[in-house]
Amino acid sequence: MTERFGSYQNEIYLQGLGGQLPPCSTDATKLEASAREVMAPGPFSYVAGAAGSGATARANREAFDRWRVVPRMLTGATDRDLATTVLGSRLPAPVAVAPVGVQSIVHPDAESATARAAASIGLPFVLSTASSTGIEDVAAAGGDGPRWFQLYWPGDADVCASLLDRAKNAGYTALVVTLDTWTLAWRPSDLDQAYLPFLKGEGCAVPFTDPVFRGLLEKTPEEDPNMAILRWIGMLTGTDRTWDQLPFLREHWDGLIVLKGIQHVADARRAAEAGMDGIVVSNHGGRQVDGSIATLDALPGVVEAVDGRVPVLLDSGVRSGADAFKAIALGATAVLIGRAYVWGLAVAGQAGVREVLENLRAELDLTLALAGCHSLAEVGPESLWDVG
Ligand SMILES: Cc1cc2nc3c(=O)[nH]c(=O)nc-3n(C[C@H](O)[C@H](O)[C@H](O)COP(=O)(O)O)c2cc1C
């Protein structure tokens, strides 16, 4: 008998009888407004913001709205199975928690709260290189939960090798290499406030706790934070990589390697040919290239290009269980949740993150049920209608 995630709504209704309401809205599209009320303007805009005019972030949402679910009747879909194996981790549902850096600007419990929330329902947390909490501390917070490590590829090879070594030793099983942010995009909402959290030392815990990085400094980050910050930023941005450098990662990481930020079919094909273990179709939530393709629009071409050779995950714009259903129907193996959980963290800390994840999982389960699907394998293009 599979777990019925959709029955989470019964819990909510029952708790309501005792006067208890959910810690944040069950509609993830409303969470941004709630978070705005509790966050300072700089951090709020940093999370909410996108590149340029915001066209990509809007396109991500519009792409989901252009597809409609076509419900099926009388299929006996009482029991559903959402369990699946993604990047070697057995998951209760095809959902992962996207790498989002600098969570200390969102809530004082930061990444540890997110890791605990994700682990409490068995979903993987992808820890960012730009985390405000160290690799090992987040691993300890996540306990037995599945965890993957996201790499921003540092310019210094020894520092890079050290981060990979630490992540491996701390039990992160997959490496998610983010390729789309080798240089920061034009982000007017941050520029208008001249706000970049890293310059204030937020989101630098990974290098600052790294022995190899520390060894490069004349003074420790505690003694001279500005020097350490500038050294790290210089190492992290401004250097594009090339396909022929991927073997370096293989050499220093013996687990699975996934490329995040793929949108072009030729890049998808190349990733599969390069022996990568997966792809995340992502445009960084619209934060990098203004006016770029929506990830849901890119997905079918990428899925066709890799032709089953590697799993294809998707993020950017996923807000609901119905969104996750649509991505899976178009060939995604799993979706990653970004801003939605960050707003939950802002509003209610660990409980807020858990709530967002649990809500999305419940709604995905109910969408399968009402679309007449018993399992993820039954969710396919025929479950959708393209309104064009
Ligand atoms: C505030 C913020 C910080 C982010 N930091 C990172 C990061 O450190 N590494 C990374 O790979 N992606 C990062 N992302 C991108 C997310 O992993 C993900 O691709 C994106 O949030 C998905 O879009 P969504 O927010 O619309 O769901 C960040 C996104 C946001 C909103």
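Rules of the game
- Residues numbered from 1 in each chain as written.
- Predicted model: local features only at pLDDT ≥ 70, side-chain atom pairs only at ≥ 80, totals over all residues.
- Heavy atoms only, no water.
- Phe/Tyr/Trp six-rings, centres within 6.5 Å; stacked < 30°, edge-to-face > 60°.
- Helix = DSSP H or I, 4+ residues; strand = E, 2+ residues; numbered from the N terminus.
- Buried < 20%, exposed > 50% of the residue type's maximum accessible area, 1.4 Å probe, protein only.
- Near = heavy atom within 4 Å.
- Polar contact = N/O pair within 3.5 Å; in protein donor to acceptor, adjacent residues only side chain to side chain.
- Areas by Shrake-Rupley, 256 points an atom, 1.4 Å probe, with all protein chains shown as cover.
- Nonpolar A, V, L, I, M, F, W, Y, C, P; charged D, E, K, R; others polar.
- Expected span 1.5 Å × (residues − 1).
- Bend = angle between axes of the 7 residues up to and from the residue.
- Pairing = 2+ DSSP bridges.
- Right-handed = clockwise from strand over helix to strand, strands pointing away.
- Core = buried A, V, L, I, M, F, W, Y, C linked by side-chain atoms within 4.5 Å.
- Contact = heavy atoms within 4.5 Å.

Participant: In this structure, what is going on with the packing of aromatic side chains? I would like to understand it.
Facilitator: Centre-to-centre distance and the angle between the planes together describe a pair of aromatic rings. Counted according to the given criterion, the structure contains seven aromatic pairs. Where Y46 meets F198, the ring centres are 6.4 Å apart and the plane angle is 80°; that geometry is what we call edge-to-face. Placement of the pair is Y46 in helix α3 (residues 41-48) and F198 in the loop between α8 (188-191) and α9 (205-208), with a sequence separation of 152 residues. By relative accessible area, which is 9% here, Y46 ends up buried. In this structure an aromatic cluster arises from ring pairing among Y46, Y195 and F198.

Participant: Could you clarify how one ought to interpret unusual backbone geometry in this entry?
Facilitator: A negative phi holds for most residues other than glycine; trans holds for most peptide bonds. In this model, L74 sits at a positive phi of 55°, which is unusual for a non-glycine residue. With respect to the element layout, L74 can be found in the loop between β1 (67-69) and β2 (84-86). We classify L74 as exposed; its relative accessible area is 92%. Residue S316 is not a glycine yet carries a positive backbone phi of 95°. Tracing the backbone through its elements, the reader meets S316 in the loop between β10 (312-314) and α15 (321-329).

Participant: Please clarify how the site of the ligand should be interpreted in this entry.
Facilitator: In the vicinity of the ligand, 22 residues are found, and the nearest of them are P99, S128, T178, D315 and R339. Between the ligand and the protein, one listed contact pairs a nitrogen atom with a backbone N or O atom of G101 at 3.1 Å. Between H284 and the ligand, the recorded distance is 3.3 Å, taken from a side-chain N or O atom to a nitrogen atom. Taking 590 Å² as the accessible area of the ligand by itself, protein coverage stands at 98%. Partitioned by chemical class, the residues of the shell around the ligand number seven nonpolar, ten polar and five charged.

Participant: Please explain helix α16 (residues 339-370) as it appears in this structure.
Facilitator: Helical periodicity: at 3.6 residues per turn, an α-helix aligns residues three or four positions apart in one direction. For α16, with 32 residues, the first-to-last C-alpha span of 27 Å runs short of the 46 Å given by 1.5 Å per residue. Along its length, α16 reaches its greatest deviation from straightness, about 145°, at A348. For α16, a buried count of 24 out of 32 residues is recorded, marking the element as mostly surrounded by other parts of the structure. At the C-terminal side of α16, G372 shows a positive phi close to 80°.

Participant: Even after reading the chapter, I still don't get the pairing of strand β8 (residues 256-262), so can you show me in this structure?
Facilitator: Every other side chain in a regular strand lies on the same face of the sheet, so the side chains alternate between the two faces. In terms of residue burial, β8 counts as a mostly covered element, since six of its seven residues are buried. Pairing geometry for strand β7 (residues 174-178) and β8, over five bridges, is parallel. Within the sheet, the bridge partner assigned to L175 lies in β8 and is I257. Relative to strand β9 (residues 278-281), β8 runs parallel, the two sharing four bridges. Among the inter-strand pairings, K260 is bridged to a residue of β9, identified as V280. Crossover β8 to β9 through helix α13 (residues 265-273) is right-handed.

Participant: What's the story with the nonpolar core in this structure? I'm lost.
Facilitator: The nonpolar side chains of a soluble globular protein tend to be buried, and buried together. Judged by nonpolar contacts, the single largest core of 107 residues is most densely connected at Y172, L249, I279, L296, L314 and I337. For this core, the element with the most residues is α16, which contributes twelve residues. Apart from the residues within four sequence positions on either side, L296 is in contact with A63, F64, W67, L314, K326, A327 and L330.

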